[in-house]
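# Structure assessment
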Amino acid sequence: MLIGRLMMMRKMFAMAAGLVMLAGGAGAAIASPNGVWELDSRDTRIALQLCGDGTQLCGTLVWLSDVDYNKQYERFLNSPVASAIKQTGPNRWKGDMQLLGHKINGTITQRSETQMTLQGCAFLVVCKTYQMFKVSE
């Protein structure tokens, strides 16, 4: 039971990483965050795009690898994971997301045209950082 819960939380943060990784430093915008981003665990992909007034970030879970633990998350495929996360600086977005049925609060920072970092917390105490890499536009 504990192992299953830890796997679920790992997955949630992995997805959160996909959604909350779009802020570089204090410099100018790097490139558009629009595209499909894969978590460094290579088992989850999220499509991200600018939305709302053009500065907010939206995302959808679009792919899960075929590893056994992903079967329980298939029902979340093609569902929103982020809706209009607010930009808090150049290449940086912060807000709440719904990942695998759980609320996550996190920050997405875009480091380059092809790399993002997602830092997210669930249940206010379980926090994790993930790297994401762009796989397509």
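Scroll up a little and you will see the structure.
Now for a quick tour of the structure. (Residues numbered from 1 in each chain as written. Predicted model: local features only at pLDDT ≥ 70, side-chain atom pairs only at ≥ 80, totals over all residues. Heavy atoms only, no water.)

It is worth spelling out the sheet that holds strand 1 (residues 35–39) at this point. Read once around its circumference, the closed barrel built from 8 strands follows the order 1-2-3-4-5-6-7-8, with strand pairing classed as antiparallel. Taken pair by pair, the neighbouring strands of this sheet meet at an average axis angle of 30°, ignoring direction. As paired strands, strand 2 (residues 44–51) and strand 3 (residues 56–64) are joined by 8 bridges and run antiparallel to one another. From the neighbouring strand, glutamine 49 faces strand 3, where its bridge partner is cysteine 58. (Pairing = 2+ DSSP bridges. Helix = DSSP H or I, 4+ residues; strand = E, 2+ residues; numbered from the N terminus. Axes fitted to C-alpha atoms, helices over the stretch in contact; angles between N-to-C directions.)

Moving on: the pairing of strand 2. Summarising the sheet, strand 1 and strand 2 pair through 4 bridges and their orientation is antiparallel. Note that in strand 2 the partner of glycine 35 across the bridge is leucine 48. With antiparallel pairing between neighbouring strands as the criterion, strand 1 and strand 2 make up a hairpin whose turn holds 4 residues, including arginine 42 at a positive phi of roughly 60°. Connecting strand 2 to the next strand, strand 3, in antiparallel fashion are 4 residues, including glycine 52 with a positive phi near 60°.

Inspection of the entire model under this criterion finds 4 salt bridges. Here glutamate 38 and arginine 45 are joined by a salt bridge, their closest N and O atoms 2.7 Å apart. Using a relative accessible area of 8% as the deciding quantity, one classes glutamate 38 as buried. By relative accessible area, arginine 45 is classed as partly exposed at 26%. One salt bridge in this structure joins lysine 103 and aspartate 96, with 3.6 Å as the shortest N-O distance. Here aspartate 96 falls in the partly exposed class, since its relative accessible area comes to 40%. Residues joined by salt bridges that share partners form a network here, namely Glu38, Arg42 and Arg45. (Salt bridge = Lys/Arg side-chain N within 4 Å of Asp/Glu carboxyl O. Buried < 20%, exposed > 50% of the residue type's maximum accessible area, 1.4 Å probe, protein only.)

Further remarks concern the nonpolar core. Of all hydrophobic cores here, the largest spans 22 residues; its most connected members are Leu48, Leu57, Leu61, Ile85, Met97, Met116 and Met132. Among the elements of the structure, strand 1, strand 2, strand 3, strand 4 (80–89), strand 5 (92–99), strand 6 (102–110) and strand 7 (115–122) are those that each provide at least two residues to this core. (Core = buried A, V, L, I, M, F, W, Y, C linked by side-chain atoms within 4.5 Å.)

Within the secondary structure, proline 80 sits in strand 4. Residue proline 80 is classed as exposed on the basis of its relative accessible area, which comes to 53%. Apart from residues lying up to four places away in sequence, proline 80 is in contact with Gly59, Thr60 and Gln98. (Contact = heavy atoms within 4.5 Å.)

Attention now goes to the state of the cysteines. A full pass over the atoms with the stated rule returns 2 disulfides. The disulfide partner of cysteine 51 is cysteine 58, and the S-S distance across this bridge is 2.0 Å. Looking along the S-S bond of the cysteine 51-cysteine 58 disulfide, the torsion reads about 80°, which is the right-handed sense. In this structure cysteine 51 comes out as buried when scored by relative accessible area, which is 14%. (Disulfide = S-S within 2.5 Å.)

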